[in-house]
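One letter stands for each residue in the lines below.
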Amino acid sequence: MIDTKLPKLITKLPGPKAAEVLKLDAQYISPSYTRDYPMVAKTGRGAVVEDVDGNVFLDFAAGIAVVSTGHCHPDVVSAIQKQAAELIHMSGTDFYYTQMTDFAQKLAAVVPGSEQKKVYYGNSGAEAVEAALKLSRYHTKRDKTIAFYGSFHGRTMGALSLTSSKAVQRKGFGTLLGGVTHIPYPNCYRCPYNLEPKSCAIECATILEREIFKRIVDPEEVSAVFIEPIQGEGGYVPAPKEFMQELQRITRKYGIMLVCDEVQSGMGRTGKWWASEHTGTEPDIITIAKGVASGMPLGVTVARASVMNWTPGAHASTFGGNPVCIAAAMATFQLLEKQYIENARRVGEHIMNRMADWTKRHKIVGDIRGRGLMIGVEIVRDQKTKEKAKDLRDKIVDAAFTKGLLILGAGENSFRFCPPLVVDQEQADFAVNTIDSILTNLEKSV
Ligand SMILES: Cc1ncc(COP(=O)(O)O)c(C=O)c1O
């Protein structure tokens, strides 16, 4: 049992047992995974994880923003155990069970918008996006789609066609789904139109009507606009409120589905259930996964009831909405609702306050942004030119690991804080102090 809430390193990294696993991994496991450092996990509790050699790490990655209620929360573990002893699988595709409807009611009640909602269950973020893509085409009877540069929506062929995060994710797979137009994401630190947020007239949204709908695709043929309200893999970039509202106005005007991909930004991570709530938007379709079941595989697509009008047989999944995963999701939901969404807001605010002067104190910190416990830090070679410093970002991520702090990169040259939503102020301070001193040391050599 882990007896500390802060890191404790007892071997050099990787330790001997970890080194053995790395050898086997190189021999047997698909080389397509992208591991930054050799963390071989064995057990986790709350916001800490112990590796196979007994080293304890503070986890500010949360299994890529997944273990929302921390590792192995006792309520989640007991819900899984109880459900596993009762019914593991039945398949909602052909049969009924109460878990599906119980959780659908809970989730539908917290998705914005007054219209009744319907819920589709899959197994992952990509499947939630795939369902949203098919549903928007089915519902509108249109086949064109708009997505954004830098977006990540998953790696199945449909979701991948919307993804434009890194070319390596698309390279080698041939022709993807047609009819997808990518436009620049509203990144105010790197405005694609070289404008200032205060006076920009939201070019990144109005470009749809001014240019895209005139030159590339008629709006009457567009089924959906897919947007991450906070771009995740693209670097933790929040879309401004004015932009989201303009996007909503445009999509409503032309009968286009506004799909908010909240796979990474949802389930309370930003201090509200959904990142889109911070912008006052009401998506037609919302995609959910990652934090929804504290680590059990579940993907959910929620739409307005009038939008989810496909017929029996149109879409389904054998495992989607598995009773054990939903049991974990029910326990997760209760914990988030009771205390952890508020904790994400409070601790997130504390971290942002602690880092507020970093762009002044650290010459390689270009931008700090995010909401709640979804925080990105962009690393640059020079604050004026904003030259991206991927090499320095990678050094920070590696150095954090050697100090017992697990973080992940995001985008080309940012790193992210996406800890479990249970993280406390002492753990947050440890993470901030650790990165602060890594930055100070690194800056001596640049
Ligand atoms: C916004 C977003 N959508 C979709 C996905 C794909 O989710 P999964 O890896 O569960 O398929 C991700 C994963 O990082 C994501 O961040």
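As a reminder, the structure under discussion sits directly above these lines.
Residues numbered from 1 in each chain as written. Predicted model: local features only at pLDDT ≥ 70, side-chain atom pairs only at ≥ 80, totals over all residues.

**Things to note about helix H5 (residues 125–140)**
Inference 1: Taking 1.5 Å of rise per residue, the 16 residues of H5 would be expected to cover 22 Å, and the 22 Å separating its terminal C-alpha atoms lies within 8% of that figure.
Inference 2: Burial within H5 is extensive, with 13 of its 16 residues counted as buried.
Inference 3: The positive-phi residue at the C-terminal boundary of H5 is lysine 141, with phi of around 60 degrees. (Helix = DSSP H or I, 4+ residues; strand = E, 2+ residues; numbered from the N terminus. Expected span 1.5 Å × (residues − 1). Buried ≥ 20, exposed ≤ 12 C-beta atoms within 10 Å, placed from the backbone.)

**Looking at the packing of helix H4 (residues 98–110) against helix H9 (residues 323–355)**
When two helices pack together, their arrangement is given by the angle between their axes and by how far apart the axes lie.
Inference 1: Between H4 and H9, the least distance of the axes is 10 Å, while the angle of their chain directions is 30 degrees. Taken together, the axes of H4 and H9 lie roughly parallel to each other. By crossing handedness, the relation of H4 to H9 is classed as left-handed. Across the interface between the two elements, Gln99, Met100, Asp102, Phe103 and Lys106 from H4 touch Pro323, Ile326, Ala327, Ala329, Met330 and Phe333 from H9.
Inference 2: When the residues that make up the contact of H4 with H9 are grouped by side-chain class, the tally is eight nonpolar, one polar and two charged. (Axes fitted to C-alpha atoms, helices over the stretch in contact; angles between N-to-C directions. Parallel < 35°, antiparallel > 145°, perpendicular 65-115°, else oblique. Left-handed = near helix turned anticlockwise from the far one by under 90°. Contact = placed C-beta atoms within 7 Å. Nonpolar A, V, L, I, M, F, W, Y, C, P; charged D, E, K, R; others polar.)

**Brief notes about the site of the ligand**
Inference 1: For the ligand, the set of nearby residues contains 15 residues, the closest of which are Gly125, Ala126, Gly154, Val263 and Gln264.
Inference 2: Per element, the largest residue contribution to the shell around the ligand is three residues, and it comes from H5.
Inference 3: Here the shell around the ligand is built from residues that sort into six nonpolar, six polar and three charged. (Near = placed C-beta within 6 Å.)

**Things to note about the environment of proline 112**
Inference 1: Here proline 112 is to be found in the loop between H4 and strand E4 (117–122).
Inference 2: By the C-beta count within 10 Å, which is 16 here, proline 112 ends up partly exposed.

**Here's the deal with the pairing of strand E5 (residues 144–148)**
Inference 1: Where burial is concerned, most of E5 is hidden: five out of the five residues are buried.
Inference 2: Because side chains alternate across E5, one face comprises the buried residues Lys144, Ile146 and Phe148, and the other comprises Thr145 and Ala147, equally buried.
Inference 3: Of the pairings in the sheet, the one linking E5 to strand E7 (residues 222–227) comprises three bridges and is parallel in character. Across the sheet, isoleucine 146 pairs through a bridge with valine 225, a residue of E7. (Pairing = 2+ DSSP bridges.)

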